[in-house]
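# Notes for the structure review
The lines below spell out each chain.
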Amino acid sequence: MTEQAVVAEAWNVPDAEAEESLAKKAYERLERMIVMLDIPPGGTLSEVSLSRRLGIGRTPIREAIKKLEREGLLSILPRRGIMVTEINLAQHLKVLEVRGQLELLVARAAAKRATATQRLEMRELADRIQEAAAAGDGRWFMSGTWEFHGLPVVAANNDCIASAIQLFHGQSRRFWFAHYERYADLPEAARVHAERLRRIAEGDTAAAETATTTVMAYLEKFALSTVKLDR
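Residues numbered from 1 in each chain as written. Predicted model: local features only at pLDDT ≥ 70, side-chain atom pairs only at ≥ 80, totals over all residues. Heavy atoms only, no water.

### Some thoughts on the packing of aromatic side chains
The description of an aromatic ring pair rests on the distance of the ring centres and on the angle between the ring planes. The condition is simple: For Phe, Tyr and Trp, rings pair up if their centres lie within 6.5 Å, where Trp contributes its six-membered ring, and each pair is then called stacked (planes under 30 degrees apart), edge-to-face (over 60) or tilted (otherwise). Only protein chains enter the accessibility calculation, which uses a 1.4 Å probe; a residue whose area is less than 20% of its type maximum is buried, one above 50% is exposed, and one in between is partly exposed. Whether a charge sits over a ring comes down to the Lys NZ or Arg CZ being within 6 Å of the ring centre and within 35 degrees of the ring normal.
For the structure shown, the criterion picks out eight aromatic pairs. Measuring from centroid to centroid gives 5.4 Å for F141 and F148, while their planes differ by 55°, and the two rings are tilted. There is no split in this pair, since F141 and F148 are both buried. Put simply, the rings of F141, F148, F175, W176, F177, Y180, Y218 and F222 touch in pairs and so form one group of aromatic residues. When the ring centre of W146 is taken as origin, the NZ or CZ atom of R32, which lies over that ring, is 3.9 Å away. Looking at K67, its charged tip hangs above the ring of Y27, at a distance of 4.2 Å from the centre.

In C-alpha cells form, the structure reads like this:
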C-alpha cells in the first residue's frame, strides 16, 4: 500500500486529498529548512534524498519542489539536479519592491475583513513579538515570521492576494535569517511589525497602510545595511 493510501485509510479521505496533504507537509518542511539555512544557498538536492530525509514519498516532494521553484528558493537544473538559489541583494530589493505593494493590499483588506478572533490573535501576537525581541530571542522572532506574515494574509480573505504574496515571503524570510544576527535592530524590527498588526486589528485602514509602509522601509534599510557583508 502506498504512503498516500495509508494516510487516506487512516483518515478516511480520498487518495487525492491525502496526497495534497502530504505535498503541503513536504512544502512546509522543505521551505523551513531552506529559509532557516539548514540547507544552505548553493546546496544541491534530489527527490530521492529529500524523500528519505523527510520520510515522504517522491510525488509530494516533487510538488513541493515545483512550488519552491516558483517562489525563487529552488532552481531545477537539467542534468545537474536541484539547487538552492543563492541569496542576492539586488534580487531581494526587487522582491521588496513588489512585496511592498502587495502588503498594502493585505493590510487594507485585513483591516476591513478580519474577524473578532483574528483581531485578538493579532494583538496577542504583537505583544509576543516585542517580548521576544526584548529578551533577545531572535530565533523565536524568526520562527514567528510565518505567523505574523501569515495571519494578516488569512484575515484579508482574498485568495488572489494570498497566492501572489506567497511568492515573496519565503525569500524575504531567508534573507532576514541570513543576516539578522549581524545587522538587525531586533527591538525596532519587532516594534514596526507589532505596530502593523495592532493597526490592522483596530480596523483603521489608513493607519494600517502607514504602518505597512514603515515596515517595508525598515526592511529595505536593513537589506541595504548588509552591503558591506558582501565586500
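And the narrative resumes.
### Description of the nonpolar core
Soluble globular proteins tend to bury their nonpolar side chains together. Quick note on the threshold: Residues enter a nonpolar core if they are buried and are Ala, Val, Leu, Ile, Met, Phe, Trp, Tyr or Cys, with the set joined through side-chain atoms within 4.5 Å. Elements are defined by DSSP. Helices are runs of H or I of four residues or more, strands are runs of E of two residues or more, and each kind is numbered from the N terminus. Here, two residues are considered to be in contact whenever any of their heavy atoms come within 4.5 Å of each other.
L30, L74, M122, F141 and W176 are the most contacted members of the largest nonpolar core, which has 60 residues in total. When residues of this core are assigned to their parent elements, the largest contribution, eight residues, is made by helix α9 (residues 186-202). Leave out the neighbours within four places in its chain, and F141 touches I129, F148, W176, L186, A189, A190 and H193. Core analysis: the second largest hydrophobic core is formed by seven residues, L102, V153, I161 and F168 among them.

### Examining the pairing of strand β2 (residues 74-77)
Using the following cut-off: If DSSP finds at least two bridges between two strands, the strands pair.
Relative to strand β3 (residues 81-84), β2 runs antiparallel, the two being bridged by four bridges. Considered in β3, the bridge of S75 is made with M83. The antiparallel pairing of β2 with β3 creates a hairpin that spans three residues between the two strands, and R79 there sits at a positive phi of about 65°.

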